[in-house]
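# Architecture at a glance
The lines below spell out each chain.
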Amino acid sequence: MEQDRLGDLEQRCIQEEPPFCQAACPLGVDGRGFCTAMANGRFDEARSVLARSMPLPEILGRICDHPCQDACIRSQTGGAVAIGRLERACLERARPAKAPLRLPPKEGSVKVVGGGLSSLSCAFELAKKGYRVSLAFEGEVPGGRLSELPEEALPKSVLGDTWGLLQRLGVT
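A brief report on the enclosed structure follows. Once a new chain begins, its residue numbering starts again from 1 and follows that chain's sequence as written. Local features in this predicted model are restricted to residues of pLDDT 70 or higher, and side-chain atom pairs are both shown and tallied only at a pLDDT of 80 or more, whereas totals for entire chains, interfaces and linings draw on every residue. As a rule here, side-chain values come from all non-hydrogen atoms in the structure, and water together with hydrogens is ignored.

## Quick notes on the overall build of the protein
To keep it simple, the criterion reads: To qualify as a helix, a DSSP run of H or I must reach at least 4 residues; to qualify as a strand, a run of E must reach at least 2; elements of each kind are numbered from the N terminus. Burial classes: relative accessible area under 20% of the type maximum marks a residue as buried, over 50% as exposed, and values in between as partly exposed (1.4 Å probe, protein chains only). Contacts are assigned to residue pairs that have any heavy atoms within 4.5 Å of one another. Methods summary: accessible areas were calculated by the Shrake-Rupley approach with a probe of 1.4 Å, and residue burial reflects only the protein chains presented. The convention is simple: Lys and Arg are positive, Asp and Glu are negative, and His and the chain ends are not counted. To locate a charge, the coordinates of NZ of Lys, CZ of Arg, CG of Asp or CD of Glu are taken.
A count of helices and strands for the protein gives 9 helices and 2 strands. Secondary structure elements in the protein, listed N-terminal to C-terminal, are α-α-α-α-α-α-α-β-α-β-α. Each principal axis of the C-alpha distribution contributes one length, and for the protein these read about 55 × 35 × 25 Å. Burial analysis of the protein (172 residues in total) assigns 35% to the buried set. Sequence-distant contacts, at least 24 apart, represent 62% of the contacts inside the protein between residues at least 6 apart. As presented, the protein carries roughly 10,100 Å² of accessible surface, and 52% of it is formed by carbon and sulfur atoms. Put simply, the protein has 22 plus and 22 minus side-chain charges, and the middle of one group is 5 Å from the middle of the other.

## Quick word on the nonpolar core
The nonpolar side chains of a soluble globular protein tend to be buried with one another. To be explicit about the condition: Throughout this description, the term nonpolar core refers to a set of buried Ala, Val, Leu, Ile, Met, Phe, Trp, Tyr and Cys residues connected via side-chain atoms within 4.5 Å.
With 19 residues, the main nonpolar core has Ile-59, Leu-120, Val-133, Leu-135 and Val-171 as its most contacted residues. Of all the elements in the fold, those that place two or more residues in this core are helix 8 (117–128), strand 2 (132–136) and helix 9 (156–168). Setting aside residues up to four positions removed in sequence, Ile-59 forms contacts with Leu-117, Leu-120, Leu-146, Leu-154, Val-158, Leu-159 and Thr-162. Val-49, Cys-68, Ile-83 and Ala-89 belong to the second largest nonpolar core, which has 16 residues in total.

## What about the pairing of strand 1 (residues 109–113)?
The criterion, for reference: By this definition, two strands are paired if DSSP reports at least two bridges between them. By convention, a crossover is right-handed whenever its connection, traced from the first strand over the helix to the second and viewed with the strands pointing away, goes clockwise.
Inspection of the sheet shows strand 1 paired to strand 2 by 5 bridges, in the parallel sense. Within strand 2, the position partnered with Val-113 by the bridge is Ala-136. Crossover handedness for the path strand 1 to helix 8 to strand 2: right-handed.

## Concerning helix 8
Note the cut-off: A helix's residues, less one, multiplied by 1.5 Å, set its expected span.
Spanning 12 residues, helix 8 covers 16 Å between terminal C-alpha atoms, matching the ideal 16 Å at 1.5 Å per step. Of all the residues in helix 8, the buried ones are Ser-119, Leu-120, Ser-121, Ala-123, Phe-124, Leu-126 and Ala-127.

## Thoughts on the packing of aromatic side chains
Selection rule: Between 30 and 60 degrees the pair is tilted, below 30 it is stacked and above 60 it is edge-to-face, where a pair is any two Phe, Tyr or Trp rings, Trp via its six-membered ring, whose centres lie within 6.5 Å. Here, over-ring charges are defined by two tests on the NZ atom of lysine or the CZ atom of arginine: distance to the ring centre within 6 Å, and angle to the ring normal within 35 degrees.
With the rule as written, the count across this model stands at 1 aromatic pair. Sitting over the ring of Tyr-131, Lys-106 keeps its end group 5.7 Å from the ring centre.

Right, here's the structure in full:
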């Protein structure tokens, strides 16, 4: 693609508004920042872009239905960016996530019931905010319906790693 045409597309994409892909994402992931980091082979940085707006990116990046692809302005010129494939490639190549910084402890505690994605996300966000969180779920590792997904979609090891991350944040 010619540089002038690419610049024109970019201008139409942003125009003081979030790019179409970011506006279409329910979590508001910075698709341009993520793609830029991936294009330069900076997988850890790309994972950080995901983690800024996506709780538990190791799970969500693998199972998201990627509405950003449908909104991608590049689809008008030969094909949208395959963000789903890029996210999976990023998660396979980036170093394992460190536990995020936690705010100082708060009064009280929270019990989250269930082991599915919403419960895991809730426990993650509350623990980051400094709450004492206990998670009630069946089995040895939480996952709920996530554990029923095929191994190629969501490896079982990811659920174990996520539980380890939650425990490092103090979730019991």
